[in-house]
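Residue strings, one per chain:
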Amino acid sequence: MTAVVEVSDLSKRFGQFTAIDRASFAIEENTIHGLLGRNGAGKTTLMQLMTGQDFASGGSIRLFGENPVENSRALSGVCFIKESQKYPEDFKAKHVLRSAPWFFPEWDAAYAERLVADFRLPLDRRIKKLSRGQLSAIGVIVGLASRAPLTFFDEPYLGLDAVARQIFYDRLLEDYASHPRTIVLSTHLIDEVSALLERVIVVDEGRIVIDSSAEDLRGSASIVAGPRATVDAFVDGRDVLHREQLGGLSSVTVARLSEAERSAAARAGLELAPVSLQQLIVRTTTSTSDKEWSQAS
Amino acid sequence: MTAATLAEASPHRRPSSGSRVLAVFRLHFVNPGTTIVIPWAILAFIFIVNVAIWALIFAAATSPSDRADAQEGTSWSGAATFLFAYMSVVAVQAVNTTFPFAQGYGVTRRDFYLGSSLVFVALSAMYAVGLTVLAEIETATDGWGFGAHMFTAVYYGDGPWFVRLGLFFALFLFFFFLGAAFATVFVRWKAIGMIVSFGAITLVLLAAIALVTLSDGWPAVGAWFGSTGINGVILWSLVPTAVAAVTGYLVLRGATPRN
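Residues numbered from 1 in each chain as written. Chains lettered and ligands numbered in written order. Predicted model: local features only at pLDDT ≥ 70, side-chain atom pairs only at ≥ 80, totals over all residues.

Chemist: Can you walk me through the domain arrangement of chain A in this structure?
Modeler: All names here are of chain A. Per the domain assignment, the segments making up chain A are domain 1 (3-214) and domain 2 (220-296). Listed by partner, the interface residues are 12 residues for domain 1 and 9 residues for domain 2. Every element with two or more residues in the side of domain 1 that touches domain 2 is listed here: helix 7 (190-193), strand 8 (199-204) and strand 9 (207-213). No other element matches the 3 residues that strand 8 contributes to the side of domain 1 that touches domain 2. (Domains from an automatic or database assignment. Contact = placed C-beta atoms within 7 Å. Helix = DSSP H or I, 4+ residues; strand = E, 2+ residues; numbered from the N terminus.)

Structure follows, in structure tokens:
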């Protein structure tokens, strides 16, 4: 694996407030990353730091092997679509699509046209007059058609309806398969995107609390369900992340189980179910005791 | 992960900084309505209205002395001055909205500022040429047949066409870079930056006025303006223009686009 961005010991303070706290992680080449976390966790700040838009208070960032700040060479491989992207005064969508190729050498105009049709984006209306969803559609279209080696989508689908979001996910996967590149998707709609993600980076209060492949993460915990006594006997002495009881039945989330343990559970008549990415992340970003577990995993 | 593998990461096509500057330049012109079409259209409208007014005055004021008075009055015409304020606004918007947009495209602050400055210079040149041509026509037709002034008003200085051209050019540069400099302050420090910088400028001006007053320097100041003349004052404006241009860059270099 090659890293297109390598972040080590990165900190960002705004006065007394520590927005990013000694973060270290890598963005791997040709991989779809989920940058997940609650609102205000530091996702946007991290992306602004990686793209040279903001300045680090400590630590280092290498973008394509170079310092990103004011680095035209490194930044020319980056497209960063923000949640509430600003557009030049009096621009229409057609102006965005006309000018984008000057900045992205890999821009695919025919693909952009198909996306415009998919999202039913009016090209000849002032951007100021567009709906929230149409505004987001412009960003999504630019992010996809730019084919930039490194594309950041920061909550790109504000106001997009379920159909439009599905179109975005589908097009992203298709295009990624035919034009592999590095994608960082920041979102709090975790379940919706979990099938897309190959790597997951979770940030909470400025700290990286999970940095793992999505597959490892999904296997890092299971739900064990069955009669309460049987479940209690099975989970005794294990890391219990969450416990729910209903009458004589119990459902307990436990840390990673080995193959032998899984078959033992099956023999005991217990049901095993995977934990969704969303549940895992909610558990790791809500309480401190859970945080310790996630760092161990 | 070693440094060697990092350096080889994703060998994307890396355009030169020059081509990024050019891309920013073109970006400002992709929608030419606001910067070119609308200002000329407004100017054309104002011109037509003025011609109508001159014709009315000409018809009403029949005695030669009244006519001379009216013609003299038009040399203080402010009809074309909106263009300069308009260009300040163009510069403000260029920095305030186009800068965050361009940063999303991976454009550095330096490339953005260079590209935008080239736009300001190009627009200054275009408007200076336009106004010079109109001023020359105005002179050649004896004020459009009415002895009127719109493009040869006193504030634009006086002289042969190339002097007029240079003066218009300098005036436009002043308004563009002043607008851009204030916009960079806003982009970097938002409203608080504007308040502080306006406050600071007010204090500096006040201090200058106090200094001149206390040292009985007003006659000297008046004498300087008298001997420098309007042409000279416009030329001197190149100094604050240059200061604004450099300040704008230094301020923008530390700015982060925020929502």
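Chemist: Looking at this structure, how should I read the packing of helix 5 (residues 132-145) of chain A against helix 6 (residues 162-178) of chain A?
Modeler: Helix-helix packing: each pair is described by the crossing angle between the helix axes and the interaxial distance. Residues and elements named next belong to chain A. Close contact between helix 5 and helix 6 brings their axes to 11 Å; oriented N to C, the two are set at 0°. With respect to their mutual orientation, helix 5 and helix 6 come out roughly parallel. When helix 5 is examined against helix 6, the residues G133, A137, V140 and L144 are found in contact with a partner set consisting of A164, F168, R171, L172 and D175. Classifying every residue of the contact of helix 5 with helix 6 by side-chain character gives 6 nonpolar, 1 polar and 2 charged. (Axes fitted to C-alpha atoms, helices over the stretch in contact; angles between N-to-C directions. Parallel < 35°, antiparallel > 145°, perpendicular 65-115°, else oblique. Nonpolar A, V, L, I, M, F, W, Y, C, P; charged D, E, K, R; others polar.)

Chemist: Looking at this structure, I do not really get the interface of chain A and chain B. What am I missing?
Modeler: As a measure of interface size, the accessible area lost when the parts come together is often cited. Each side of the interface is counted separately: chain A has 39 residues, and chain B has 36 residues. Among the elements that take part in the side of chain A that touches chain B, helix 3 (residues 93-103) of chain A stands out by supplying 5 residues, more than any other.

Chemist: Explanation requested: the pairing of strand 1 (residues 3-14) of chain A in the structure shown.
Modeler: A regular strand carries its side chains on alternate faces of the sheet. Residue and element names in this part refer to chain A. Of the strand pairs in this sheet, strand 1 and strand 2 (residues 17-28) are connected by 8 bridges, and their pairing is antiparallel. When the sheet's bridge partners are listed, E6 is paired in strand 2 with A26. Following strand 1, the chain reverses through 2 residues before pairing antiparallel with strand 2; G15 in that reversal takes a positive phi of roughly 60°. Inspection of the sheet shows strand 1 paired to strand 4 (residues 58-63) by 5 bridges, in the antiparallel sense. Bridged to S11 within strand 4 is G58. (Pairing = 2+ DSSP bridges.)

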